[in-house]
Amino acid sequence: MKAPRVTLDQWRTLQAVVDHGGFAQAAEALHRSQSSVSYTVARMQEQLGVPLLRIDGRKAVLTEAGNVLLRRSRHLVKQASQLEDLAHHMEQGWEAEVRLVVDAAYPSARLVRALAAFMPQSRGCRVRLREEVLSGVEEVMHEGIADLAISSYSIGGYLGAELSAVEFVAVAHPEHSLHRLGRELTFQDLESQLQVVIRDSGRAQPRDVGWLGAEQRWTVGSLGTAATFVSSGLGFAWLPRHMIERELSDGVLKPLPLDQGGSRHPLFYLYSSKEKTLGPATQILIDLLRNFDTAPLDVPFAAPPQA
């Protein structure tokens, strides 16, 4: 890749000429002489081989090529400025990236709200979001490849900050044989039925959390797939209520009338890495995750405007 012939300073000079309405005004805004500004633009046109400005009366007007190039140059100059700002923030200890691992059962709507609020405060810090199931979150933390984790299980050696609970509901299709019994159900009724369970993404010690020891068990890779299977009449499952509100409302899923254990409310916890000191961006994200964890999910939400 050959080196660019035109510098960022030259593009900034051209932008100033256009934005301020002429060479004299640009020179005043840039605190430079008018001859310096004129020479810079003339040199640009010579280097690029296309005319960028034409004189219309006493005013410099963009040519068609100049208009296209100027528009593209604004993105270039903005990105360069952001890159310099990021380097400055990193020199002050601001992170380039925060790695967040979350149990897939945690409400994504809360994550969206927290991350949307984080964006205008991020100063260019990226968020790398990773979803895991059950012990998969714990493994990622122990492997040292996450800065923050949200899990409903205790992670050995870490102290977690308590978040809210997530309701899991035992459900099946309304025409499922369990519903056709027309009475309150016991665990013994479930043992002879097909149960759909979610595969633990952990590799070291995967768990069969929620499995009742039913004779038939189908294991799927995601909560979404489990909801699809059960909505189609294949078995029963405990699923997060926030993920199946539409199916419940549409009548393709119906809570099982269990005499006990029909719903579960595990608490979730927010963990932070012990391997490194938390930077300012990570701390801001922690505060936002905790604040939006308790925000009502039915409140209308609008994403912040893009810069």
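Computed from a prediction, not measured in an experiment: that's the story for all the values here. (Residues numbered from 1 in each chain as written. Predicted model: local features only at pLDDT ≥ 70, side-chain atom pairs only at ≥ 80, totals over all residues. Heavy atoms only, no water.)

A few words now on the sheet that holds strand 13 (residues 267–272). If you walk across this open sheet you meet the five strands as 4-3-5-13-6, and the pairing is mixed. Edge positions in the open sheet fall to strand 4 (126–132) and strand 6 (161–165), since each of these has one partner strand only. The sheet shows a mean angle of 20 degrees between the axes of neighbouring strands, direction not considered. Bridge count for strand 3 (residues 97–103) against strand 4 is seven bridges, and the pairing is parallel. When the sheet's bridge partners are listed, Val101 is paired in strand 4 with Arg130. Its contacts with the sheet place helix 11 (residues 280–293) against strand 3, strand 4, strand 5 (148–151), strand 6 and strand 13, and it is angled at close to 20 degrees to strand 5. (Pairing = 2+ DSSP bridges. Helix = DSSP H or I, 4+ residues; strand = E, 2+ residues; numbered from the N terminus. Axes fitted to C-alpha atoms, helices over the stretch in contact; angles between N-to-C directions. Contact = heavy atoms within 4.5 Å.)

This part takes up unusual backbone geometry. We note that His31 has phi near 60 degrees; this positive angle belongs to a residue other than glycine. Examined against the element boundaries, His31 turns out to sit in the loop between helix 2 (23–30) and helix 3 (34–48). One non-glycine residue, Leu134, lies in the positive phi region at around 55 degrees. One can find Leu134 in the loop between strand 4 and helix 6 (135–142).

Before going further, it helps to spend a moment on the pairing of strand 3. Where burial is concerned, most of strand 3 is hidden: six out of the seven residues are buried. Handedness of the crossover joining strand 3 and strand 4 through helix 5 (residues 108–118): right-handed. Sheet topology places strand 3 next to strand 5; three bridges connect them, and they run parallel. Paired with Val101 across the two strands is Ala149, which belongs to strand 5. (Buried < 20%, exposed > 50% of the residue type's maximum accessible area, 1.4 Å probe, protein only. Right-handed = clockwise from strand over helix to strand, strands pointing away.)

Between helix 1 (residues 8–20) and helix 2, whose axes approach to 8 Å, the crossing angle comes to 120 degrees. In terms of orientation, helix 1 and helix 2 fall into the oblique class. Once helix 1 is placed against helix 2, the crossing between them reads as right-handed. Seen from helix 1, the contacting residues are Thr13, Ala16, Val17 and His20; seen from helix 2, they are Phe23, Gln25, Ala26, Ala29 and Leu30. Residues of the contact of helix 1 with helix 2, tallied by class, amount to six nonpolar, three polar and no charged. (Parallel < 35°, antiparallel > 145°, perpendicular 65-115°, else oblique. Left-handed = near helix turned anticlockwise from the far one by under 90°. Nonpolar A, V, L, I, M, F, W, Y, C, P; charged D, E, K, R; others polar.)

Oppositely charged side chains may form a pair once their charged atoms are brought near each other. Counted according to the given criterion, the structure contains ten salt bridges. Arg126 serves as the salt-bridge partner of Glu97, at 3.3 Å between the closest nitrogen and oxygen. Of this pair, Glu97 sits in strand 3 while Arg126 sits in strand 4, placing them 29 residues apart in sequence. Using a relative accessible area of 49% as the deciding quantity, one classes Arg126 as partly exposed. (Salt bridge = Lys/Arg side-chain N within 4 Å of Asp/Glu carboxyl O.)

This paragraph deals with the nonpolar core. Of all hydrophobic cores here, the largest spans 47 residues; its most connected members are Leu148, Ile150, Val171, Leu239, Leu256 and Leu289. The next biggest cluster of nonpolar side chains, apart from the first, holds 17 residues, and it includes Trp11, Phe23, Ala27 and Leu52. (Core = buried A, V, L, I, M, F, W, Y, C linked by side-chain atoms within 4.5 Å.)

Quick look at helix 2 now. Three or more residues of helix 2 are buried, namely Phe23, Ala26 and Ala27. Looking straight down helix 2, one finds its buried side chains confined to an arc of 100 degrees; they lie on one side. In this structure, the buried residues of helix 2 make contact with helix 1, helix 3, strand 1 (53–56) and strand 2 (59–62). Once helix 2 ends, the next one or two residues include His31, with phi positive near 60 degrees. (Arc of directions from axis to C-beta.)

On to the environment of Gly66, then. Note that Gly66 resides in helix 4 (residues 64–91). With 14 residues separating them along the chain, Gly66 and Leu52 place their C-alpha atoms 4.0 Å apart. When neighbours within four sequence positions are excluded, Gly66 is seen to be in contact with Pro51 and Leu52.

In terms of residue burial, helix 6 counts as a mostly covered element, since seven of its eight residues are buried. Looking only at helix 6, the buried set comprises Ser135, Gly136, Val137, Glu138, Glu139, Val140 and Met141. Looking at the residues trailing helix 6, positive phi occurs at Gly144, about 75 degrees.

Turning next to the environment of Gly156. If you trace the backbone, Gly156 turns up in the loop between strand 5 and strand 6. Judged by relative accessible area, which is 39%, Gly156 ranks as partly exposed. With 14 residues separating them along the chain, Gly156 and His142 place their C-alpha atoms 8.8 Å apart. Residues within four places of Gly156 in sequence aside, it is in contact with Glu138 and His142.

This next bit is on the packing of helix 2 against helix 3. The contact between helix 2 and helix 3 brings their axes to 8 Å, and the two run at 110 degrees. Relative to helix 3, helix 2 is oriented roughly perpendicular. Every residue of helix 3 that contacts helix 2 at Phe23, Ala24, Ala26, Ala27 and Leu30 is listed here: Gln34, Val37, Ser38 and Val41. Of the residues in the contact of helix 2 with helix 3, the class split is seven nonpolar, two polar and no charged.

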